[in-house]
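Observations on chain architecture
One letter stands for each residue in the lines below.
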Amino acid sequence: TEIYTLSLHDALPISLGATTIDSTVAGRKPIIEGVSINPADLKTKHDYVFFGAVPYIDYPWATFAKTVLHAKTAALLYPNQTGQLEVEQAALKSMQAEGINAKLVGFDPNSTDLTGALEAAGATTADFIETNAATPSQCLAFANSASQLGINPHKILGLFQCQVPSIKSQYPGGDYPKWNYSVADAGVEYDNGPAAHQLAAVFKGEGLTVGDPWTLVDFSSALTISKLMNQI
């Protein structure tokens, strides 16, 4: 039995939003993914996504904006590259469903200054700001520009990719921004339990970082796949 596994790390080199693997495998073998931001994966035969996929993983952002921040207006920003517009269109749809007036603005994924994009989206006055910045450089650029504009960090929702330990000290103030973070599962809920010690021991032995959420996605996916293969 053969199973193809795909993580977001694998997806980046083949272009986000592409259906290269889907069309090549053509349903002949299972494809298992941790997280998918490619809407086409939902329609691909024998493609299974453990942690959720676009558009469904984006819809809760509007629920959060409305029920927690009581937002009436929102600024949505995304890197202008393949596959990212579809993600933010799902976020925009959810905002509209909740009656939140939202503005969607793309930014140069290689830019180090996102001040213009933030201002164009109305982030300085919006009740809720969501960024789809995902790479370390994008996260730092967004954080620096938001800080320079004096935007309240508690209004911002960022992706958990912006909490990777390698860039923590490079943020304004030398620490992670005090944003809200989505899809975050860095194992913090296990910090004081026996599971945390077991997980840390395994990760240390493999040279992995417990604080990096992607390692947990890949690790738990690998365990699940192993369980399935043993049953087979």
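Details of the structure are given in the entry above.
Summary of the structure given here. Model, not experiment: these values are computed from the prediction. (Residues numbered from 1 in each chain as written. Predicted model: local features only at pLDDT ≥ 70, side-chain atom pairs only at ≥ 80, totals over all residues. Heavy atoms only, no water.)

Topic: the pairing of strand β6 (residues 128-131)
Our working definition: Only protein chains enter the calculation, and the probe is 1.4 Å; a residue is then buried if its accessible area is under 20% of its type maximum, exposed if over 50%, and partly exposed in between. Here a strand is any run of E in DSSP of at least two residues, a helix any run of H or I of at least four, and the numbering for each starts at the N terminus. For two strands to count as paired, DSSP must find a minimum of two bridges between them. For a crossover, the right-handed case is the one in which the path from the first strand over the helix to the second runs clockwise, viewed with the strands pointing away from the viewer.
The alternating pattern of β6 places Phe128 and Glu130 and Ile129 and Thr131 on opposite faces, both of which are buried. Where strand β4 (residues 73-79) meets β6, four bridges bridge the pair, whose relative direction is parallel. Residue pairing across strands places leucine 76 opposite glutamate 130, the latter belonging to β6. Pairing of β6 with strand β7 (residues 156-159) involves two bridges; the strand directions are parallel. What sits directly across from isoleucine 129, in β7, is isoleucine 156. Following the backbone out of β6, through helix α6 (residues 136-148) and into the adjacent parallel β7, one traces a crossover that is right-handed.

Some points on the environment of methionine 95
Counted only if it meets this: Here, two residues are considered to be in contact whenever any of their heavy atoms come within 4.5 Å of each other.
When you line up the elements, methionine 95 lands in helix α4 (residues 84-97). Placed 33 residues apart in sequence, methionine 95 and alanine 62 show a C-alpha to C-alpha distance of 5.0 Å. Setting aside its immediate chain neighbours within four residues, methionine 95 contacts Trp61, Ala62, Ala65, Ala74, Leu76, Ile100, Ala102 and Phe128.

Description of the environment of serine 137
With respect to the helices and strands, serine 137 occurs in helix α6. You can call serine 137 partly exposed: its relative accessible area is 47%. Along the backbone, serine 137 and serine 111 are 26 residues apart, and their C-alpha atoms lie at a distance of 8.5 Å.

Section: unusual backbone geometry
Trans peptide bonds make up the majority, and among non-glycine residues the majority have a negative phi. The omega torsion across valine 54 and proline 55 is 10°, close enough to zero to call that bond cis. Relative to the helices and strands, proline 55 resides in the loop between β3 (47-49) and α3 (60-67). Positive phi, close to 60°, is recorded for histidine 46, a residue that is not glycine. In this structure, histidine 46 sits in the loop between β2 (31-33) and β3. Looking at histidine 46, the relative accessible area reads 33%, which means it is partly exposed.

Section: the sheet that holds strand β5 (residues 101-107)
Threshold: The axes used here are C-alpha line fits, helices contributing only the stretch in contact, and every angle between their N-to-C directions lies in the interval 0 to 180 degrees.
Judged by pairing direction, the sheet is parallel, and its five strands sit side by side in the order β5-β4-β6-β7-β8 without closing on themselves. Each having just a single partner strand, β5 and β8 (180-182) make up the two edges of the open sheet. Taking the axes of each pair of neighbouring strands and ignoring which way they run, one obtains an average angle of 20° across the sheet. Inspection of the sheet shows β4 paired to β5 by seven bridges, in the parallel sense. Bridging from a neighbouring strand, tyrosine 78 pairs with glycine 106 of β5. Sheet contacts for α3: β6, β7 and β8; angle to β6, the most-contacted strand, approximately 155°.

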